[in-house]
Amino acid sequence: MRILFIGNSRIGDFILSSGLLAHLIERHPGSRITVVCGRIVAPLLAETPCIERVIVMEKRKHHRHWLDLWLTTVGTRWDLVVDLRNSAVSRVLAAREVRRVGRAKGMRLHRVEEIGRVLDLDPPPDPRLWIGGADHAAAAGLVPDGPPVLALGPGSTHEHKRWPSERFAELARRLTGPDGILPGGRVAVIGSPAERAQAEPVLAAVEPDRRIDLMSNTPLLVAAACLQRCALYVGNDGGQMHLSAAAGVPTVGLFGPTPAHHYRPWGPHADYAQAPEPFETLSARIPEAMRAGVSLMGGLTVDAVEATVRRLWDAVRAGHPCPSGGRAPVVLGSGRNDSGNSPAATQD
């Protein structure tokens, strides 16, 4: 069976759709799947079974990247085309069946639920990561065994979505202090080199022997394996937050000008803290904030985030799902999390 899966170019969106890809792999074993995605996403597919080809789509002027995709795929007779971009390409290919994603008017669905509706799946399939043994081995070197680790993601592509770095630092002090949920724990700050400026105040607030600096070009699957060796993740709304939740790590996402009901981290070990202002009010200020280079997350206090973290932590330790999350994510891989740091169960 030949399947064309036209996926997203952003990390977070692709992760949220990975459960649908996993469903296709399991439903059609031995199928030959071509995945279309962005260059930054492609490494997530390194260990994924049944992938015959990955087409990296580079954005071009006048939408010519879609013409490139049509020229690349038009010569194949597809059994199934799944188009999560609602592109014109899927409308003109030779295919026995075509499924496209759509928005349900008047319904406040999570993105995972929207994607599940593409194949009429209810409940929707949970995000899935395929992590290899080499990824786990590399992660063990970056996050060695020892005291439990609090992972923080203070960076974001967009300034208006960034919670202030000094609040991340204060949160780290509280959660790893004598009265915290991880007393004496280590603190890992994870992100890309472009987010170094947001990470530095957080790193500086942690003693060197408790500090783990993961602000590097860590491959995505290695980053996921690193997160699996952590007890908890707290970070801004973005791809790294979804990577953590999909890896089965207790995850708290921080939201302000983006809709948490649509993009909150998905899973029973996931929750979110929302700025007190309605996101519609904050989102209307995004153009102004982008011009000024300022954050719209100032209304979210450390007290509010700490309360959310403690609520999630208590639920995880008690074995109860968080009502704000979805169902349990499944993580496949040949390595193991032997650090003893995380209370979340994962599948190897």
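A brief report on the enclosed structure follows.

Thresholds, definitions, all that
Residues numbered from 1 in each chain as written. Predicted model: local features only at pLDDT ≥ 70, side-chain atom pairs only at ≥ 80, totals over all residues. Heavy atoms only, no water. Pairing = 2+ DSSP bridges. Helix = DSSP H or I, 4+ residues; strand = E, 2+ residues; numbered from the N terminus. Axes fitted to C-alpha atoms, helices over the stretch in contact; angles between N-to-C directions. Contact = heavy atoms within 4.5 Å. Core = buried A, V, L, I, M, F, W, Y, C linked by side-chain atoms within 4.5 Å. Buried < 20%, exposed > 50% of the residue type's maximum accessible area, 1.4 Å probe, protein only.

A few points about the sheet that holds strand S3 (residues 51–56)
And step 1. Strand order in this open sheet of five strands is S3-S2-S1-S4-S5, and the pairing throughout is parallel. A strand with exactly one partner marks an edge of an open sheet, and here the two such strands are S3 and strand S5 (95–100). Neighbour-to-neighbour, the strand axes of the sheet open up by a mean angle of 15°, direction not taken into account.
And step 2. One ladder, built from five bridges, connects strand S2 (residues 32–37) with S3; its direction is parallel. When the bridges of S3 are listed, Thr-34 appears paired with Arg-53.
And step 3. Sheet strands in contact with helix H2 (residues 64–73) are strand S1 (2–6), S2, S3 and strand S4 (78–83), and its direction is about 155° off that of S3.

Regarding the sheet that holds strand S7 (residues 149–153)
Paired through their backbone hydrogen bonds, the strands of a sheet run either parallel or antiparallel.
And step 1. One open sheet accounts for six strands, arranged S9-S8-S7-S10-S11-S12; its pairing is parallel. The open sheet has two edge strands, strand S9 (211–215) and strand S12 (270–274), and neither has a second partner. For this sheet, the mean inter-axis angle between neighbouring strands, taken without regard to orientation, is 15°.
And step 2. In the sheet, strand S10 (residues 232–236) pairs with strand S11 (residues 251–255) via four bridges, with the strands oriented parallel. Bridging from a neighbouring strand, Tyr-233 pairs with Thr-251 of S11.
And step 3. Strands S7, strand S8 (186–191) and S9 of the sheet are contacted by helix H7 (residues 196–204), whose axis makes an angle of about 175° with S9.
And step 4. Strands in contact with helix H13 (residues 302–318) are S10, S11 and S12; relative to S12, the strand with the most contacts, it is inclined by about 165°.

Observations regarding the nonpolar core
The tendency in soluble globular proteins is for nonpolar side chains to be buried side by side.
And step 1. Formed by 57 residues in total, the largest nonpolar core has its most connected members in Phe-5, Leu-20, Leu-44 and Leu-243.
And step 2. Top contributing element to this core by residue count: helix H1 (residues 11–27), with nine residues.
And step 3. Here Leu-243 is in contact with Ile-15, Leu-44, Leu-129, Leu-220, Ala-223, Ala-224 and Leu-227, once residues within four sequence places are set aside.
And step 4. Among the nonpolar cores identified, the runner-up in size contains 36 residues, and Trp-163, Phe-168, Leu-171 and Leu-296 belong to it.

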